[in-house]
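Remarks on the overall topology
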There are 2 protein chains.
Amino acid sequence: MSASPAKHDVFQAIADPTRRKLLELLSEQEMAVTTISSHFPISRTAVSKHLRILSEAGLVKEQKIGRETRYRMQPEPLRELQSWLAYYERFWENKLHALKRLVEGEASSNDQLSGPRLAPDNHRSTTKQS
Amino acid sequence: MSASPAKHDVFQAIADPTRRKLLELLSEQEMAVTTISSHFPISRTAVSKHLRILSEAGLVKEQKIGRETRYRMQPEPLRELQSWLAYYERFWENKLHALKRLVEGEASSNDQLSGPRLAPDNHRSTTKQS
DNA sequence: TTGACGCGCAACCATTTGGTTTCATATACT
DNA sequence: AGTATATGAAACCAAATGGTTGCGCGTCAA
């Protein structure tokens, strides 16, 4: 895994409200670009750019079918968000936390409620200080 | 509830890696600005700006003590993220989903696993199309 | 084969973002 | 009083963002 410049990460991708709407729309069904953009007040090109950002973050996947490009949602990257969030849940959860983690154990794999809960941002965290 | 222009929301606030680090740091203990910025390679002023953005999103709270300003983390706004994410969990969860939701029920209040799961972005979603 | 459709790309633009440096002010120390 | 510390505010900057319009190209349908 040395490739993938990954210019945009999940956090950035979902920061924009239009992009969240896009994701929501695509979660219901896959769609072609023009169809998608008919749901938004901005130009098709603008929508297309947003889609590319989502794509770079791995949140959508495109598939060319004839002259159209279908986009479908790809939820996996959201797990990163989830695990980031998991760290902070302890600040408002207290009661049934342990049980929940236990139940959920099968999902995260590296989330074993074992040690002192490592830091959240150790994900890829380029921390690009420009 | 007519006040609070809330220029920055949670999604935007956590989009920046530095801000996430900031949050992580402050989750351990409250700290004054200069102390905080000693942990970062950027200027104190820059850190201060990030703190203000976090503050606008409600993720940190400041308290003036003499000549210094202490910042502490405020996890509540992350619930919005959590509930946003909850919508998408159904796309990768399937097995123990119901149980988990049930266990967690006491935390979310509007998250009763009842109806057809309303749309995620209905939160405040200014959807500011600039 | 001639359009019409679907889409990406390039160029351009205004605004926002993440930084910096400098300055002003309030508080603490001696 | 005079100095050092802590922080915010202002002005400025380069780069990133979110948009737009126009163009070119592949694909589908007459």
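Relevant structure appears above.
Attention here is on the structure that accompanies the text.

1. Some points on the protein's contact with DNA strand D
Close contacts around DNA strand D come from 25 residues, with Ser43 and His50 of chain A together with Thr34, Arg44 and Ser48 of chain B the closest. Sugar plus phosphate, as a fraction of atoms of DNA strand D within 4 Å of the protein: 60%. Contact between DNA strand D and Asp16 of chain A: a phosphate oxygen at 3.2 Å from a side-chain N or O atom of the residue. Between a base oxygen of DNA strand D and a side-chain N or O atom of Lys49 of chain A, the distance comes to 2.6 Å. Going through the elements one at a time, helix H2 (17–28) and helix H4 (44–56) of chain A together with helix H3 (33–37), helix H4 (44–56) and strand E3 (68–73) of chain B are the ones with two or more residues in the surface near DNA strand D. Class assignment of the residues belonging to the surface near DNA strand D gives a composition of five nonpolar, twelve polar and eight charged.

2. Points about the protein's contact with DNA strand C
By nearness alone, 25 residues border DNA strand C, and Thr34 and Arg44 of chain A together with Ser43, Lys49 and His50 of chain B come closest of all. Val33 of chain A has a polar backbone atom sitting 3.2 Å from a phosphate oxygen of DNA strand C. Within the side chain of Lys49 of chain B, an N or O atom sits 2.5 Å from a base oxygen of DNA strand C. Broken down by secondary-structure element, the contributors of at least two residues to the surface near DNA strand C are helix H3 (33–37), H4 and strand E3 (68–73) of chain A together with helix H2 (17–28) and H4 of chain B. Grouping the constituent residues of the surface near DNA strand C by class yields five nonpolar, twelve polar and eight charged.

3. With respect to the packing of aromatic side chains
Within this structure, the stated rule accounts for ten aromatic pairs over all chains. Between the aromatic rings of Tyr87 of chain A and Tyr88 of chain A, the centroid separation amounts to 4.7 Å while the plane-to-plane angle is 85 degrees, which identifies the pairing as edge-to-face. You'll find Tyr87 of chain A and Tyr88 of chain A in the same group, each marked buried. Centroid distance Trp84 of chain B to Tyr88 of chain B: 4.8 Å. Interplanar angle 50 degrees. Geometry classified as tilted. One end of the pair is Trp84 of chain B and the other is Tyr88 of chain B, both in helix H5 (residues 78–89) and four residues apart, which spans about a single turn. Accessibility expressed as a relative area gives 0% for Trp84 of chain B, which makes it buried. For Tyr88 of chain B, a relative accessible area of 0% translates into the label buried.

4. A look at the sheet that holds E3 of chain A
All names here are of chain A. In spatial order, the strands read E1-E3-E2; together these three strands make up an open sheet with antiparallel pairing. A strand with exactly one partner marks an edge of an open sheet, and here the two such strands are strand E1 (31–32) and strand E2 (60–65). Relative to E3, E1 is paired through two bridges, and the arrangement is antiparallel. In the strand pairing of E3, Ala32 is matched with Arg70.

5. What to know about H4 of chain B
Residues and elements named next belong to chain B. Compared with an ideal rise of 1.5 Å per residue, which puts 13 residues at 18 Å, H4 spans 18 Å between its outermost C-alpha atoms and is within 8% of the ideal. Among all positions of H4, only Val47, His50, Leu51, Ile53 and Leu54 are buried. Buried residues of H4, seen end-on, are gathered within an arc of 160 degrees and therefore sit on one face of the element. Residues Lys49 and Arg52 are exposed on H4 and point more than 90 degrees away from its buried face. Residues of H4 that are buried make contact with helix H1 (10–13), H2, H3, strand E2 (60–65) and E3. Among the residues trailing H4, Gly58 stands out with phi positive, at a value near 80 degrees.

6. Focus: the packing of H2 of chain A against H5 of chain B
H5 of chain B packs onto H2 of chain A with a crossing angle of 25 degrees between their chain directions and a minimal axis gap of 11 Å. Our classification of the angle between H2 of chain A and H5 of chain B gives roughly parallel. Of the two elements, H2 of chain A crosses H5 of chain B, and the hand of that crossing is left-handed. Here Arg20, Leu23, Glu24, Ser27 and Glu28 of chain A of H2 of chain A come into contact with H5 of chain B, specifically with Trp84, Tyr87 and Tyr88 of chain B. Partitioning the contact of H2 of chain A with H5 of chain B into residue classes produces four nonpolar, one polar and three charged.

Rules used throughout
- Residues numbered from 1 in each chain as written.
- Chains lettered and ligands numbered in written order.
- Predicted model: local features only at pLDDT ≥ 70, side-chain atom pairs only at ≥ 80, totals over all residues.
- Heavy atoms only, no water.
- Near = heavy atom within 4 Å.
- Polar contact = N/O pair within 3.5 Å; in protein donor to acceptor, adjacent residues only side chain to side chain.
- Helix = DSSP H or I, 4+ residues; strand = E, 2+ residues; numbered from the N terminus.
- Nonpolar A, V, L, I, M, F, W, Y, C, P; charged D, E, K, R; others polar.
- Phe/Tyr/Trp six-rings, centres within 6.5 Å; stacked < 30°, edge-to-face > 60°.
- Buried < 20%, exposed > 50% of the residue type's maximum accessible area, 1.4 Å probe, protein only.
- Pairing = 2+ DSSP bridges.
- Expected span 1.5 Å × (residues − 1).
- Arc of directions from axis to C-beta.
- Contact = heavy atoms within 4.5 Å.
- Axes fitted to C-alpha atoms, helices over the stretch in contact; angles between N-to-C directions.
- Parallel < 35°, antiparallel > 145°, perpendicular 65-115°, else oblique.
- Left-handed = near helix turned anticlockwise from the far one by under 90°.

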